[in-house]
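The primary structure of each chain is shown beneath.
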Amino acid sequence: MDLFEYQGKQYFAKYNIPVSAGGVAHTVDEAVAEAEKAVYPVVVKAQVQVGGRGKAGGIKLATNADEVRLHAGNILGMDIKGHVVKRVWIEHASDIAEEYYASFTLDRAAKQHLLMLSAQGGVEIEDVAAKDPTAIVKLHINPIVGLSLATARQASIDAKIPEKALDGVADMLVKLYECFTKGDCDLAEINPLILKPTGEVHALDAKVSLDSNAAFRHPEWEEYAATEELDAREQLAREKNLQYIGLDGTVGIIANGAGLAMSTLDVVNQVGGSAANFLDIGGGANAEMMTAALEVINSDAKVKSIFINIFGGITRGEEVAKGIVEAVKRVTLRAPIVIRLDGTNAEEGRKILAEAGIPDSQLTSRPTMLEAARAAVALAK
Amino acid sequence: MAIFVDQNTKVIVQGLTGGQGRFHGLRNKAYGTQIVGGVTPGKSGQDVEGIPVFDSVEDAVKATGATASFIAVPPKAAPAAILEAARAGIGFVVCITEGIPAQDEARVFATLQRDFPATRLLGPNCPGIISPGKCNIGITAGEIAQLPTASGPNVGIVSRSGTLTYQALYELKQQGIGVSTCVGIGGDPVPGTSFVDCLAEFQADPETHAIIMIGEIGGSAEEEAAEFITNHVTKPMSAYIAGVTAPAGKKMGHAGAIVSGGKGTAQGKMDALRMAGVKIGLNPTEAGSLMAEIVNNLR
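Residues numbered from 1 in each chain as written. Chains lettered and ligands numbered in written order. Predicted model: local features only at pLDDT ≥ 70, side-chain atom pairs only at ≥ 80, totals over all residues.

S.K.: Looking at this model, I keep getting lost on the overall build of chain B. Mind explaining?
M.R.: Within chain B, the regular secondary structure consists of 9 helices and 14 strands. Taking 2.2 N^0.38 as the reference for a compact globule, 299 residues should give roughly 19 Å; the C-alpha atoms of chain B span a radius of gyration of 19 Å, in line with that estimate. Expressed as lengths along the three principal axes of its C-alpha atoms, the size of chain B is roughly 55 × 45 × 30 Å. In chain B, which comprises 299 residues, the proportion classed as buried is 63%. For chain B, long-range pairs separated by at least 24 residues make up 74% of all intrachain contacts whose partners lie at least 6 apart in sequence. (Helix = DSSP H or I, 4+ residues; strand = E, 2+ residues; numbered from the N terminus. Rg over C-alpha atoms; globule rule 2.2 N^0.38 Å. Buried ≥ 20, exposed ≤ 12 C-beta atoms within 10 Å, placed from the backbone. Contact = placed C-beta atoms within 7 Å.)

In structure tokens form, the structure reads like this:
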């Protein structure tokens, strides 16, 4: 789960990482009120989960209420790379002497934590990596050893952080590492990490991605789930406990298993179609799950055909078929279904589907994934 | 021969008295796996359809001589369960648990590496392992796996995805091709056993003559496998990578299946494997047909 900047800053604050005081605003009036509290000059920042806000005009400096009104008015509702700005973050503008970069992630290849640190911050780190890879220090950290202040200081020296900022940056790294590990982050990134003219080191931005598997030990994450930007289909799927990702195509997809669902998208694409979604109904594939899945697909106006791709492993083919027949009775579908049922007892399952009395215009069966994909794509055109 | 497990492997089930543990443990036993005990703290002296239950892995190992463990406990309890098995001297641990936090997985892996290098972890969040006709640990339906033949050629399967593992087993069964061992390494960010670990074992296993690999988007495990194949694998291979059309930045069901920062794309993985001499299918059926061609050439 990705956090907005303001949420990331609030998360950082829990681990004593210095961030600017500020507030969230959903309207121009709220923005002015927050600006008065933060003391001018302030920065008005669009809260969207996409890079390049500054270039798009989503970050503006304001020295009085009129300017806040102007900028907040322009930014709220702005479309930044397909993300509509619903809220702005107002904080006191910081004086900047220097800009650095720091992040922690899990390096899957090394199976260790990875610190990336650079004295060149405030720009996309990918650009720094492309231009001058030696400007980024990469340090692996053994998860059961952790990061000491001494190691953090040495990494800062290696990254050519100037002497005057060394202690501040090292202290910041230790705190950010604690936030990353104890806070169960997939990513904890500060860009820019700034040195103020007064000598303090400060987090001017916050990019935090949380590991949803750890939600059980972070009840405080519930507030973040409430602001997550899901479309109507994704919202419905979440309520029904389905693994669903909305896409832009016309073939609705239901499959059992994440790998098979991904593979189904690929095959639809391979035969010239496009998937409307990713949907994994899990190993169970019973009537309840199937009904819920069909309801979600049915809520998508773009869907012209539905491709159900089931491989019976533990769940036997006849049970899957009964579930589908039951679900088709419960939901009035706006698009025809093509089903491919394979695996354990698939023949019995296909027989049940064929004898259920569902008209061909509503449900047809194909023996292989490829043939079913072709049929579904033809119906969607 | 088979890799990691065979007919002599004695297995205990951690969480045997729970819903999942009981269901799959009994299925594994019915398949012929030597399920010799179960572990649930506070339930020693009980049994599950004749399988004795112990309080700890240590007690179970002492009483049964088990060398492998099947962990089917919830995500909160799984990290401790894995380390308990390692501490008791279990050499092969299969953990099917889905939903373990990545930070816990990283710590468990680092602890195994430092303190219990003799213990191999398969998973978490994996379907398990089956050496057809010999041993089945996990959730794979045993009947879809074709038995290997003494003369061969037999195929080894290694996969990151559960249902695509079954799909691969099924494709081979349709073609009448025997399977030596099928390993599901799981779709999480820090798998205990990697593609490379399995490829090394298959390369050394005289009963395995060819290998199918099923990968997916995210991470760099397939690229590392490609490098290993170039240098160390002489047996013919086919592969399939799921997620060609997956949008960037979205987790596709598995915690580890995500294209981020332009890295971990299916195309990059397919290119790397093709360079290593692996035949690439654009869907699972095609990977199965390519394997059938390979096997026919070996016959």
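S.K.: Got a minute to help me understand the pairing of strand β17 (residues 337-343) of chain A in this structure?
M.R.: Residues in a regular strand project their side chains so that they alternate between the two faces of the sheet. All names here are of chain A. Judged by how many residues are buried, β17 sits mostly within the fold: 7 of 7 residues are covered. Two elements, strand β16 (residues 305-312) and β17, share 7 bridges in a ladder whose sense is parallel. Its bridge partner being in β17, N309 is matched across the sheet by R340. (Pairing = 2+ DSSP bridges.)

S.K.: When you look at the interface of chain A and chain B in this model, what are you seeing that I'm missing?
M.R.: Accessible area lost upon the coming together of the parts serves often as the stated size of an interface. At the interface, 43 residues of chain A touch 49 residues of chain B. Secondary structure elements with two or more residues in the side of chain A that touches chain B: β13 (243-246), α9 (258-270), β15 (277-280), β17 and α13 (369-380) of chain A. For the side of chain A that touches chain B, the element with the highest residue contribution is α9 of chain A, accounting for 11 residues.

S.K.: Just checking my understanding: could you explain the environment of P143 of chain A for this structure?
M.R.: For P143 of chain A, the position within the fold is in the loop between β9 (136-141) and α5 (149-158). Between the C-alpha atoms of P143 of chain A and D79 of chain A, which are 64 residues apart in sequence, the distance is 40 Å.

S.K.: Which parts of the structure should I look at to understand the sheet that holds strand β11 (residues 178-184) of chain B?
M.R.: Adjacent strands of a sheet pair through backbone hydrogen bonds, lying either parallel or antiparallel. Read from one edge of the open sheet, 7 strands run β9-β8-β11-β10-β12-β13-β14 (chain B), paired in mixed fashion. Across the chains shown, the open sheet's two edge strands, defined by having one partner strand only, are β9 (135-138) and β14 (279-281) of chain B. Taken pair by pair, the neighbouring strands of this sheet meet at an average axis angle of 15°, ignoring direction. One ladder, built from 3 bridges, connects strand β13 (residues 237-242) of chain B with β14 of chain B; its direction is parallel. Along β14 of chain B, the bridge assignment pairs A239 of chain B with I280 of chain B. In the packing of α9 of chain A onto the sheet, the strands contacted are β12 (210-216) and β13 of chain B, and the crossing angle to β13 of chain B comes to about 85°. (Axes fitted to C-alpha atoms, helices over the stretch in contact; angles between N-to-C directions.)

S.K.: Explain helix α11 (residues 317-330) of chain A here, please?
M.R.: Because each turn of an α-helix spans 3.6 residues, side chains separated by three or four positions in sequence point in the same direction. Residue and element names in this part refer to chain A. Across its 14 residues, α11 extends 20 Å between first and last C-alpha, which sits within 8% of the 20 Å expected from 1.5 Å per residue. Of all the positions in α11, only G317, E318, E319, V320, A321, G323, I324, A327 and V328 are classed as buried. Buried residues belonging to α11 abut α10 (287-298), β16, β17, α12 (346-354) and β18 (363-365). (Expected span 1.5 Å × (residues − 1).)

S.K.: Would you explain the domain arrangement of chain B in this entry?
M.R.: Residues and elements named next belong to chain B. Each domain of chain B was delimited in the assignment, giving domain 1 (10-122) and domain 2 (145-298). For domain 1 and domain 2, the distance between their C-alpha centroids amounts to 27 Å. Elements represented by at least two residues in the side of domain 1 that touches domain 2 include exactly α4 (102-115) and β7 (120-122). At 4 residues, the largest contribution of residues to the side of domain 1 that touches domain 2 is made by α4. Its residues placed into classes, the side of domain 1 that touches domain 2 shows 5 nonpolar, no polar and 2 charged. (Domains from an automatic or database assignment. Nonpolar A, V, L, I, M, F, W, Y, C, P; charged D, E, K, R; others polar.)

S.K.: I tried to follow the pairing of strand β1 (residues 10-14) of chain B on my own but got confused; where do I start?
M.R.: Residue and element names in this part refer to chain B. Counting buried positions along β1 gives 4 out of 5 residues, so the element sits mostly inside the fold. Judged from the 5 bridges that link them, β1 and strand β2 (residues 34-39) form a sheet pairing that is parallel. What sits directly across from Q14, in β2, is V39. The parallel pair β1 and β2, bridged by helix α1 (residues 19-31), forms a crossover whose chirality is right-handed. Both β1 and strand β5 (residues 68-71) contribute to a ladder of 4 bridges, which runs parallel. Each bridged residue has a counterpart across the sheet, and for I12 the counterpart in β5 is S69. (Right-handed = clockwise from strand over helix to strand, strands pointing away.)

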